[in-house]
Amino acid sequence: DAGVTQSPTHLIKTRGQQVTLRCSPKSGHDTVSWYQQALGQGPQFIFQYYEEEERQRGNFPDRFSGHQFPNYSSELNVNALLLGDSALYLCASSLDAGGEDTQYFGPGTRLTVL
Amino acid sequence: GNSVTQMEGPVTLSEEAFLTINCTYTATGYPSLFWYVQYPGEGLQLLLKATKADDKGSNKGFEATYRKETTSFHLEKGSVQVSDSAVYFCALGNQGGKLIFGQGTELSVKP
């Protein structure tokens, strides 16, 4: 049973560029959440997707956008990259039905903005 | 708003010592509480959870009890091993919603 997978593992971009990160949820899960983890900090919630719609959003600017596909996989897009966007980006999946609220995390994508 | 506060690290212990990592929370409603562990260079792994007051979550020798009266969810282990060295995150979540994390507590266990 595959867990949550993310790609790429590492990414280096320059300021002003755009980036797309990808996530495949755990088998059977239909909800995907994205988090940003700065060095030495706890993860911060970016947004959550369910049924291909953004259901909740954290305190992140519109430069952060996402998408969920019919197979439940998801993308996180960040436009006009800033140095401060350098972080570990974590994807988590969960199953909405039945009120299950446990989120399972992938290994993350390490983004470095130069 | 909802928030989580963890004791500051790093915590350094000798092998077989007793571990406590304090976690307190502020929340409206009845959130679920979680402990996640992050090993160097990796994502977060769920360690244990509790969904209602007085529930005890346990896994791999770690335990935490959901205390509504003191709004706490302290992590404990009776005898730590070198392999337990990692960063531990306390988190709260509402049904199906976002998780709110504490700042993390780094644990270092020496042989």
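Preceding this paragraph is the structure being described.
Read on for an overview of the structure. (Residues numbered from 1 in each chain as written. Chains lettered and ligands numbered in written order. Predicted model: local features only at pLDDT ≥ 70, side-chain atom pairs only at ≥ 80, totals over all residues. Heavy atoms only, no water.)

**Brief notes about the overall build of chain A**
Alright, step 1. Helix and strand content of chain A: zero helices and eleven strands.
Alright, step 2. Going from N to C terminus, chain A has its helices and strands arranged as β-β-β-β-β-β-β-β-β-β-β.
Alright, step 3. By the compact-globule yardstick of 13 Å for 114 residues, chain A fits well, its C-alpha radius of gyration being 13 Å.
Alright, step 4. Summarising its shape, the C-alpha atoms of chain A cover approximately 45 × 25 × 25 Å along the three principal directions.
Alright, step 5. Residue pairs at least 24 apart in sequence account for 54% of intrachain contacts in chain A once pairs closer than 6 positions are excluded.
Alright, step 6. When the accessible surface of chain A is split by element, carbon and sulfur atoms take 48% of a total near 5400 Å².
Alright, step 7. One way to put it: in chain A the 8 positive side-chain charges average out to a point 14 Å from where the 12 negative ones average out. (Helix = DSSP H or I, 4+ residues; strand = E, 2+ residues; numbered from the N terminus. Rg over C-alpha atoms; globule rule 2.2 N^0.38 Å. Contact = heavy atoms within 4.5 Å. Areas by Shrake-Rupley, 256 points an atom, 1.4 Å probe, with all protein chains shown as cover. Lys, Arg positive; Asp, Glu negative; His and termini not counted. Charge placed at Lys NZ, Arg CZ, Asp CG, Glu CD.)

**Notes on the sheet that holds strand 3 (residues 19-21) of chain B**
Residue and element names in this part refer to chain B.
Alright, step 1. An order of 3-9-8-7 is seen for the four strands of this open sheet, with the pairing classed as antiparallel. Two strands bound the open sheet, and with one partner strand each, they are strand 3 and strand 7 (56-59). Between one strand and the next, the sheet's axes are offset by a mean angle of 15 degrees, whatever the strand orientation. (Pairing = 2+ DSSP bridges. Axes fitted to C-alpha atoms, helices over the stretch in contact; angles between N-to-C directions.)

**Thoughts on the interface of chain B and chain A**
Alright, step 1. On the side of chain A, 21 residues touch chain B, which itself brings 20 residues to the contact.
Alright, step 2. Approximately 1500 Å² of surface area, both sides summed, lies buried where chain B meets chain A, with 52% of it carried by carbon and sulfur atoms.
Alright, step 3. At the boundary of chain B with chain A, the tally comes to zero salt bridges.
Alright, step 4. Here chain B and chain A share four residue pairs in polar contact (both at pLDDT 80 or more) between them. (Buried area = accessible area lost by both parts, 1.4 Å probe. Salt bridge = Lys/Arg side-chain N within 4 Å of Asp/Glu carboxyl O. Polar contact = N/O pair within 3.5 Å; in protein donor to acceptor, adjacent residues only side chain to side chain.)

**Structural notes on the pattern of salt bridges**
Alright, step 1. Using the criterion set out here, one finds six salt bridges over all chains in the structure.
Alright, step 2. Taking the shortest distance from any N to any O, the salt bridge between Arg22 of chain A and Glu75 of chain A comes out at 3.4 Å. Of this pair, Arg22 of chain A sits in strand 3 (residues 19-24) while Glu75 of chain A sits in strand 8 (residues 74-78); the two residues are 53 residues apart in sequence, bridging distant segments of the chain.
Alright, step 3. Between Asp84 of chain B and Lys77 of chain B there is a salt bridge, and its shortest N-O distance comes to 2.7 Å. For the pair Asp84 of chain B and Lys77 of chain B, a shared accessibility class is recorded, and that class is buried. (Buried < 20%, exposed > 50% of the residue type's maximum accessible area, 1.4 Å probe, protein only.)

**Quick notes on the pairing of strand 6 (residues 53-57) of chain A**
All names here are of chain A.
Alright, step 1. Judged from the four bridges that link them, strand 5 (residues 44-50) and strand 6 form a sheet pairing that is antiparallel. Looking at strand 6, one finds that Tyr50 is bridged to Glu53.
Alright, step 2. Hairpin connection, strand 5 to strand 6: the antiparallel pair is bridged by two residues, and Glu51 has positive phi, about 50 degrees.

**Comments concerning the pairing of strand 5 (residues 32-38) of chain B**
All names here are of chain B.
Alright, step 1. By the criterion of burial, strand 5 is predominantly enclosed, with seven of the seven residues buried.
Alright, step 2. Burial along strand 5 is two-sided: the face carrying Ser32, Phe34, Tyr36 and Gln38 and the face carrying Leu33, Trp35 and Val37 are both buried.
Alright, step 3. Alignment of strand 5 against strand 10 (residues 86-93), held across seven bridges, turns out to be antiparallel. Within strand 10, the position partnered with Val37 by the bridge is Tyr88.
Alright, step 4. Of the pairings in the sheet, the one linking strand 5 to strand 6 (residues 44-50) comprises six bridges and is antiparallel in character. Counted as the bridge partner of Phe34 is Lys49 from strand 6.
Alright, step 5. In this structure, the hairpin formed by strand 5 and strand 6 is closed by a connection of five residues, where Gly41 is found at a positive phi of approximately 75 degrees.

**A word on the sheet that holds strand 3 of chain A**
Residues and elements named next belong to chain A.
Alright, step 1. Taken in spatial order, the four strands of this open sheet run 1-3-8-7, and their pairing is antiparallel. Each end of this open sheet is capped by a strand with a single partner; those strands are strand 1 (5-7) and strand 7 (64-68). With direction set aside, neighbouring strand axes in the sheet form an average angle of 20 degrees.
Alright, step 2. Both strand 3 and strand 8 contribute to a ladder of five bridges, which runs antiparallel. The residue bridging Arg22 from the neighbouring strand is Glu75, located in strand 8.

By themselves these figures say nothing about function.
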